[in-house]
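Now for the letters of each chain:
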Number of protein chains: 2
Amino acid sequence: MLSFHLEPHSGEPLYNQIYEQIRERILNEELPPATKLPSTRSLAANLGVSRNTIDTAYYQLQSEGYIDSAPKSGFYVCDITPTDYRHQPELPSVPSPQSRDIDISSSASASASPEYLYDFDPYSIDISHFPFSVWRRLSRQVLMDDQSLFLLGDNYGDPLLRDAICSYVRMSRQVSCTPDQIIVGAGVDYLLQMLSLVFHSLHMEHITLESPGYTQAAHIFHNNGLTISPGILDKNGLTTASISPASSLVYVTPSHQFPTGVVMPYGRRLELLGWAKSSPDRYIIEDDHDSEFRYRGRPIPALQGMDNLRVIYIGTFSKAIAPAIRVGYMILPPELLAQYRLICGHYSCTVSRVDQAILTRFIRDGYFEKHVNRMRKLYRSKHDLVLDCLQPLIQKYHLTLQGEHAGMHITIRLPDTVSETALIQHARKQGIHLYGIHSHFLPNHTPVHPEEAVLLGYAGLTEDDIKKGIRQMTDAHIFSASALSRSI
Amino acid sequence: MLSFHLEPHSGEPLYNQIYEQIRERILNEELPPATKLPSTRSLAANLGVSRNTIDTAYYQLQSEGYIDSAPKSGFYVCDITPTDYRHQPELPSVPSPQSRDIDISSSASASASPEYLYDFDPYSIDISHFPFSVWRRLSRQVLMDDQSLFLLGDNYGDPLLRDAICSYVRMSRQVSCTPDQIIVGAGVDYLLQMLSLVFHSLHMEHITLESPGYTQAAHIFHNNGLTISPGILDKNGLTTASISPASSLVYVTPSHQFPTGVVMPYGRRLELLGWAKSSPDRYIIEDDHDSEFRYRGRPIPALQGMDNLRVIYIGTFSKAIAPAIRVGYMILPPELLAQYRLICGHYSCTVSRVDQAILTRFIRDGYFEKHVNRMRKLYRSKHDLVLDCLQPLIQKYHLTLQGEHAGMHITIRLPDTVSETALIQHARKQGIHLYGIHSHFLPNHTPVHPEEAVLLGYAGLTEDDIKKGIRQMTDAHIFSASALSRSI
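Report follows, based on the coordinates.

## Some thoughts on the interface of chain B and chain A
With 46 residues of chain B in contact, the opposing surface of chain A contributes 46 residues. Between chain B and chain A the total buried area reaches about 4300 Å² when both faces are included, carbon and sulfur atoms providing 60% of it. Seen at the junction of chain B and chain A, the total is 15 residue pairs in polar contact (both at pLDDT 80 or more). Every element with two or more residues in the side of chain B that touches chain A is listed here: helix 5 (132-145), helix 7 (188-201), helix 8 (215-223), helix 10 (334-344) and helix 11 (353-364) of chain B. The element best represented in the side of chain B that touches chain A is helix 5 of chain B, accounting for 7 residues. In terms of residue class, the side of chain B that touches chain A is made up of 25 nonpolar, 15 polar and 6 charged.

So this is what it looks like as structure tokens:
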């Protein structure tokens with residue numbers, strides 16, 4: 001039987017103490033792979049804690065890939081030893097690197113139009129709860145206090161803001177860095193452009209990106225002259241075997257893969273880091289786009305915290321605060337930082353100093369944390385509502401959900417009989433805007449059997465509209481293969 | 001005798017009516033090249049206007065290159081027919097295009113340090129007169145009025161801001177464009193990067209830049225993979241003969257060449273446009289960096305107004321408002337605009353919408369014009385003071401001034417006996433920071449006989465410090481060749 005040392009009054013939540021102690025034993029192989037864990041009920045009784053506490057600890061371990069559950073038989077320790085990808089046979093579905101180089105000439109994004117009654121846009125956020133009055137007050141204070149803010153500031157971002165970001169990512173994301181490794185810029189797109197310059201100057205000109213994934217990143221790298229290869233996803237996220245041999249760079253969203261919602265488990269993370277370490281000048285770009293929003297357990301620590309020499313960390317305030325606050329940041333490993341200084345050190349910071357000063361106070365004075373906590377509750381409640389409303393449809397139409405309990409959308413995998421395109425068209429006639437997964441495959445990368453799925457974004461909708469929208473989907477039988485064939 | 005049709009009550013200044021009518025006759029060759037104009041005194045008497053009015057009209061014609069003055073003999077019409085550069089013999093001082101391609105690995109910028117008592121930084125501006133209270137009020141209004149400003153806006157910049165910029169550049173710079181040709185971005189550096197992407201996608205990969213010139217632009221183009229050639233300047237600015245035959249792009253500052261201060265006259269402008277038109281896909285980038293600040297006559301119209309198909313116009317609010325307001329804009333000819341939309345249409349605007357909204361009101365409600373007018377007066381007064389203080393030194397040390405009556409600095413050309421580097425070192429020992437012209441040559445472009453000159457920036461200094469600083473230069477004999485040789 002597992003023994004635990006719990007300190008109920010330490011201030012550290014009990015579930016986290018349990019999580020830490022099990023995780024520790026898995027890492028040092030005291031609990032080897034395939035070990036069955038006690039059931040949540042018996043462990044709760046044994047430790048004299050609520051079953052919910054154990055549920056949360058197990059859930060956290062499961063999302064991070066340390067344990068897995070088998071239906072009706074409980075929880076088992078996963079094999080976290082990284083697969084040696086170098087000796088893995090080539091996957092038959094992965095074409096040669098040559099043919100996988102893709103050409104991106106343009107891409108299209110969907111936008112809400114008045115013809116839709118309910119827009120389940122996965123990129124939308126809810127700004128109705130933004131603390132406008134706080135922002136106004138801070139803005140007034142900043143403009144009163146410091147006229148020097150109108151002079152040009154630090155090219156890398158104002159030192160106080162970089163300090164605030166540094167504390168935040170260390171605390172909340174377990175990122176390991178110093179403020180001088182942080183570069184502030186006007187949005188992630190801009191930062192990816194600057195990164196491209198650094199890569200070019202180091203003759204790193206080939207990058208693998210998740211497909212489906214964040215196509216805008218592929219577009220930007222392509223525009224900046226990099227060659228793009230699509231990486232294949234399985235249930236653990238990007239497979240290291242699918243990284244093009246020509247790539248020294250890989251772009252991933254390990255905490256919450258966009259758009260599938262997969263959380264990359266510990267074992268796959270080690271594999272990926274193993275790939276990076278197996279040759280000099282290999283780097284992983286970690287886009288931690290919506291890490292603030294997990295609705296069960298703790299946020300999953302950043303990959304960067306596991307290896308701060310090989311991982312470039314990218315964060316943004318667009319989702320947690322507001323898209324119009326054009327502030328993103330990247331955290332560079334020392335070698336790339338030196339090259340960035342050489343190549344781009346003379347580029348002025350693209351964010352206005354006034355905005356930087358407001359944001360600094362917003363973070364430093366605790367408003368950011370409060371706001372994120374409030375939004376997390378709000379989004380969780382919308383998320384739970386979506387799950388509730390979808391429940392009857394899931395069984396009826398054999399749907400599978402993916403990427404729940406985090407982010408701003410749920411991915412609904414469709415059965416083979418249902419075509420994503422037909423479903424979206426059918427929904428459109430009902431005034432419902434759904435978003436397919438196909439448009440998130442990298443351009444010119446058509447998988448042999450493309451998965452069919454729709455993304456249901458809920459953050460930008462009211463609870464009332466979520467209910468009505470899903471009821472309308474239900475009434476119109478939009479997930480029904482036969483209704484679809486009639487509709488076309 | 002010239003006859004004029006003047007309307008004293010039309011609201012249009014008399015000097016401008018005279019300027020327009022003479023200019024018209026030069027353009028239609030009613031006044032052919034070498035025609036002597038009446039003296040200012042006789043024309044003033046004839047028209048019954050003050051001599052000052054004629055002075056201003058003639059000065060304007062002279063700065064724009066329509067007329068020229070010969071010492072003690074009056075004003076003559078210039079030959080504005082563009083030289084046919086294609087049949088011009090190669091200048092012996094211009095090396096072959098191959099050897100003129102330069103490699104820029106890094107560059108350094110000077111920054112003020114506490115060891116200096118007087119910093120004549122040509123990049124400094126005076127923000128003590130910035131209307132902080134107006135900006136605060138507008139900022140408060142904007143944050144009260146419109147919460148949708150926190151949602152993502154137009155990728156090209158908010159339509160209202162583009163309208164305001166369009167009206168402004170049409171009125172004040174005679175730029176010919178529609179608001180949809182305008183792209184707003186976080187500073188000129190960023191816009192040059194976006195331009196580089198467009199050029200690359202059209203296989204335009206070679207650019208000629210003024211040398212001495214804006215080295216940061218060269219650095220950015222180089223970082224983005226373009227090949228750079230230095231263009232040679234004469235007293236009329238960039239010579240078309242020195243544009244590399246490999247270049248389809250040229251970057252110029254025609255209204256006020258940085259750093260020499262030369263105004264490109266009409267004839268040279270026509271030549272440059274002729275170069276652009278002589279082959280498809282040739283473009284001129286016009287960086288109109290400090291156009292707001294001319295202290296005599298009207299501002300010189302933008303080159304773009306003469307040909308809106310071949311000229312890319314770039315403007316910024318960094319100098320007229322404040323460097324920390326990271327807002328620049330570029331105005332693209334239709335063909336490049338289409339390509340920009342294709343390649344970069346999905347990049348989010350890098351300027352926060354709140355800042356865009358404040359700036360829109362600042363321009364629309366007349367504060368910008370008022371502020372620029374106030375700053376122009378202020379800078380003019382500092383400029384005149386610098387000229388006054390330098391007067392005794394000019395004759396004594398055989399100095400030549402260049403680029404007066406505009407911008408934020410004066411260029412002092414040194415006699416052959418004085419070394420720029422030695423002079424700057426000598427001044428440094430006196431606590432005076434002077435800036436040489438050498439660092440503005442493009443990297444790896446060392447002219448055979450580099451001109452020796454220092455730039456005296458005055459905008460950021462108080463009148464008191466200007467006086468004291470120049471007095472200290474005088475007392476320390478820093479322009480004296482013999483004092484320099486003793487000092488080293």
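## Focus: the pattern of salt bridges
Side chains carrying opposite charge are able to pair once their charged atoms draw close together. What the rule picks out here adds up to 26 salt bridges over all chains. Close ionic contact of Glu 20 of chain B with Arg 23 of chain B constitutes a salt bridge, the shortest N to O distance being 3.9 Å. Note that Glu 20 of chain B and Arg 23 of chain B are positioned in helix 1 (residues 14-27) at a spacing of 3 residues, about one turn of the helix. Among the ionic pairs, Lys 382 of chain B bridges to Asp 126 of chain B, the shortest N-O distance being 2.9 Å. Here Lys 382 of chain B, found in helix 12 (residues 367-397), pairs with Asp 126 of chain B, found in the loop between strand 3 (118-119) and helix 5; they are 256 residues apart in sequence, far enough to count as distant. Here the salt bridges do not stand alone but share partners, grouping Asp 234, Arg 268 and Glu 271 of chain A into one network.

## Observations concerning the pairing of strand 14 (residues 409-413) of chain B
Residue and element names in this part refer to chain B. Taken across its 5 residues, strand 14 has 5 buried, putting it largely inside the fold. The two faces of strand 14 match: His 409, Thr 411 and Arg 413 on one face and Ile 410 and Ile 412 on the other face are all buried. In the sheet, strand 13 (residues 400-402) pairs with strand 14 via 3 bridges, with the strands oriented antiparallel. In the sheet register, Leu 401 faces strand 14, and the bridge partner there is Ile 412. The pairing of strand 14 with strand 17 (residues 453-457) spans 5 bridges and is classified as antiparallel. By the bridge assignment for strand 17, Arg 413 is matched with Ala 453.

## Some remarks on the nonpolar core
With 158 residues, the main nonpolar core has Phe 479 of chain A together with Phe 479 of chain B as its most contacted residues. Other than its neighbours up to four places away in sequence, Phe 479 of chain B contacts Leu 393, Tyr 397, Leu 399, Ile 412, Leu 414, Val 418, Leu 423, Val 454 and Met 473 of chain B. In terms of nonpolar packing, the next biggest core, distinct from the first, is built from 70 residues, Leu 209, Ala 217, Met 330 and Leu 332 of chain B among them.

Thresholds applied
- Residues numbered from 1 in each chain as written.
- Chains lettered and ligands numbered in written order.
- Predicted model: local features only at pLDDT ≥ 70, side-chain atom pairs only at ≥ 80, totals over all residues.
- Heavy atoms only, no water.
- Contact = heavy atoms within 4.5 Å.
- Buried area = accessible area lost by both parts, 1.4 Å probe.
- Polar contact = N/O pair within 3.5 Å; in protein donor to acceptor, adjacent residues only side chain to side chain.
- Helix = DSSP H or I, 4+ residues; strand = E, 2+ residues; numbered from the N terminus.
- Nonpolar A, V, L, I, M, F, W, Y, C, P; charged D, E, K, R; others polar.
- Salt bridge = Lys/Arg side-chain N within 4 Å of Asp/Glu carboxyl O.
- Buried < 20%, exposed > 50% of the residue type's maximum accessible area, 1.4 Å probe, protein only.
- Pairing = 2+ DSSP bridges.
- Core = buried A, V, L, I, M, F, W, Y, C linked by side-chain atoms within 4.5 Å.

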